[in-house]
Amino acid sequence: MILTLNAGSSSLKFSVFDLSAGEEEIANGIVERIGSAEGRATLEIGGERQQVDFQGDHSVAVQAIGLFLRKQKLLAKVKAVGHRVVHGGETFQQPTRITTEVEQTIERLSPLAPLHNPVNLQGIQLAKATLPNVPHVAVFDTAFHSTMLAQAFRYPVPNAWYTKHGVRKYGFHGTSHAYVSTIAKDVLTKVEKKSSKIITLHLGNGCSAAAVIDGKCIDTTMGLTPLEGLMMGTRSGDVDPGLAAYMSSLGMSIDAYDKALNKESGLLGIAAENDMRTLLSMREEGSDLARLAIAMFVYRLRKAVGSFAAAMGGIDALVFTAGIGENASDIRAEVCEDLTFLGIELVAELNAIRSDTPRIISKGTCSVLVVPTNEELQIARATAGVIK
Ligand code: AMP
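We now turn to the structure provided with this report. Note that this is a predicted model, so its numbers are computed, not measured.

1. Observations concerning the site of the ligand
If you check the shell around the ligand, you find 13 residues, and the closest are Asn205, Asp275, Met276, Arg277 and Gly323. Between the ligand and Met276 there is a distance of 3.0 Å, counted from an oxygen atom to a backbone nitrogen or oxygen. Between the ligand and the protein, one listed contact pairs a nitrogen atom with a side-chain N or O atom of Asn327 at 3.4 Å. Mapped by element, the contributors of at least two residues to the shell around the ligand are α10 (276-284) and α12 (322-327). Ranked by the residues each element gives to the shell around the ligand, the list is headed by α12, at four residues. Looking at the shell around the ligand residue by residue, the classes come out as five nonpolar, five polar and three charged.

2. Points about the environment of Glu25
Tracing the sequence through the fold places Glu25 in strand β3 (residues 24-32). Sequence spacing of Glu25 and Leu43 is 18 residues, and the spatial spacing of their C-alpha atoms is 13 Å. What Glu25 contacts, discounting residues up to four positions off in sequence, is Ser15, Val16 and Phe17. For Glu25, the side chain forms a polar contact with the side chain of Ser15, separated by 2.7 Å.

3. Considerations on unusual backbone geometry
Unusually for a residue other than glycine, Arg33 sits at a positive phi of about 50°. Non-glycine residue Lys73 carries a positive phi angle of around 60°. Locating Lys73 in the fold gives a position in the loop between α1 (58-71) and β6 (80-85). On the accessibility criterion, Lys73 (62% relative accessible area) is exposed.

4. Overview of the nonpolar core
Where a protein is soluble and globular, its nonpolar side chains tend to be buried together. Ranked by internal contacts, the top residues of the largest apolar core, which has 44 residues, are Leu201, Met276, Phe297, Leu318 and Ile331. Of all the secondary-structure elements, those providing two or more residues to this core are β9 (197-203), β10 (207-213), α9 (266-271), α10, α11 (288-312), β12 (317-321), α13 (329-336) and β14 (367-370). Of the residues forming this core, the biggest block, eleven residues, is contributed by α11. Apart from the residues within four sequence positions on either side, Leu201 is in contact with Ser208, Ala209, Leu301, Val305, Leu318, Val319, Phe320 and Thr321.

5. Remarks on the environment of Val86
Here Val86 shows up in the loop between β6 and β7 (96-97). The class for Val86 is buried, based on a relative accessible area of 4%. Remark: the alpha-carbon pair of Val86 and Val119, spanning 33 residues in sequence, is separated by 9.9 Å.

6. As for the sheet that holds β12
With mixed pairing, six strands are arranged side by side in an open sheet as β11-β10-β9-β12-β14-β13. Both edges of this open sheet fall to β11 (216-220) and β13 (359-360), since each of them pairs with a single strand only. Of the pairings in the sheet, the one linking β13 to β14 comprises two bridges and is antiparallel in character. Of the residues in β14, the one forming a bridge with Ile360 is Leu369. Against the sheet, helix α6 (residues 174-190) contacts β9, β10, β12, β13 and β14, and its axis sits at roughly 130° relative to β9. Each of β9, β10, β11 and β12 is contacted by α11, which is oriented at about 155° to β9, the strand it contacts most.

7. So, the pattern of salt bridges
What the rule picks out here adds up to eleven salt bridges. Between Glu32 and Arg40 there is a salt bridge; the shortest N-O distance is 3.2 Å. Overall, Glu32 belongs to the partly exposed group, its relative accessible area being 24%.

8. Remarks on the packing of aromatic side chains
Considering all chains together, one arrives at three aromatic pairs under this definition. Measuring from ring centre to ring centre gives 4.5 Å for Phe92 and Phe140, while their planes differ by 5°; the resulting arrangement is stacked. Linking Phe92 in the loop between β6 and β7 with Phe140 in strand β8 (residues 136-140), this pair joins segments that are 48 residues apart in sequence. The same class applies to Phe92 as to Phe140, namely buried. Measuring from ring centre to ring centre gives 6.1 Å for Phe153 and Tyr162, while their planes differ by 45°; the resulting arrangement is tilted.

Scoring rules and cut-offs
Residues numbered from 1 in each chain as written. Predicted model: local features only at pLDDT ≥ 70, side-chain atom pairs only at ≥ 80, totals over all residues. Heavy atoms only, no water. Near = heavy atom within 4 Å. Polar contact = N/O pair within 3.5 Å; in protein donor to acceptor, adjacent residues only side chain to side chain. Helix = DSSP H or I, 4+ residues; strand = E, 2+ residues; numbered from the N terminus. Nonpolar A, V, L, I, M, F, W, Y, C, P; charged D, E, K, R; others polar. Contact = heavy atoms within 4.5 Å. Buried < 20%, exposed > 50% of the residue type's maximum accessible area, 1.4 Å probe, protein only. Core = buried A, V, L, I, M, F, W, Y, C linked by side-chain atoms within 4.5 Å. Pairing = 2+ DSSP bridges. Axes fitted to C-alpha atoms, helices over the stretch in contact; angles between N-to-C directions. Salt bridge = Lys/Arg side-chain N within 4 Å of Asp/Glu carboxyl O. Phe/Tyr/Trp six-rings, centres within 6.5 Å; stacked < 30°, edge-to-face > 60°.

Have a look at this one:
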């Protein structure tokens, strides 16, 4: 069995997979609001879910998960642990077995992902203490994008920024883009549809698109940081690079600017609400700001689809995933409207179906699919691939 761990700043997610038995997920859970008085742990096994109050830090959270797995007689069966690590820089282009040197490199890359890599590393160290005798594997969010060519990943800024400081596009959500593009290819191959040139749209609270040719990423919308690209729940996505200097001239500090673009912008910045479900209801009730926020969100997505279709010289499939991509049929319909020149023609009845299985929802030459993402399974698969 493979245990996967995803350590965030205030949460810790885990899953246990039995990859020998049809990739079955045996158990999963999440400890949320770590460090706050309202901490909570949700643990699920065999379809039974329990919720308990949780108090403590990441170390207590790992112990609690260890205890749960021991009680369920799963801990001794864990053959390897797969860890989600956000930033692998240019060093890690594949899932990698964790050694002391690997840990040091993850730490060295922390300036590129200060909110994620340190806590990912902490998760690794705590899990190693609980399970010292099994291999631990790091699965990097950036790795899927390592196949981008320099023409796509370099920024047109002074060369030394890249050579000295590693300033380039890295991309994120790679585990999700890798998973859904693979599933989409499988689905399309079965029905003898083309699947060489795929655009994947990961639309959750964070949003990114990737252009994938024959399984290899050639471009993605997120960049040096997860701030670049599409409009998101609280992140701006692309703005004029001159905006920083302009806001600075008005007296704003770089920290305040960074916070505003990461936490107070995007859908939240325009409509004071970052949850797409709520925004769709607000639009229904006549909110002009919700209408504008959604129109901007959709418009920017359509531009990303158009630019990646041009970059790839065509498009065989468009894949929607994550909270918004999987559930918001209205958003899918609005993104695909009037894109018949790209061969995109949604079938309204298929788009309206709610289901957990990957499905095709179009009739044109470019297939449109909804593929529920499963980053945990992708991490488990990658981990199994490293230890075999
Ligand atoms: P994620 O980060 O993948 O969990 O996605 C979170 C986003 O998905 C939030 O904006 C949610 O409002 C949105 N979402 C989840 N379910 C739905 C739904 N049924 N309709 C519209 N948006 C949804």
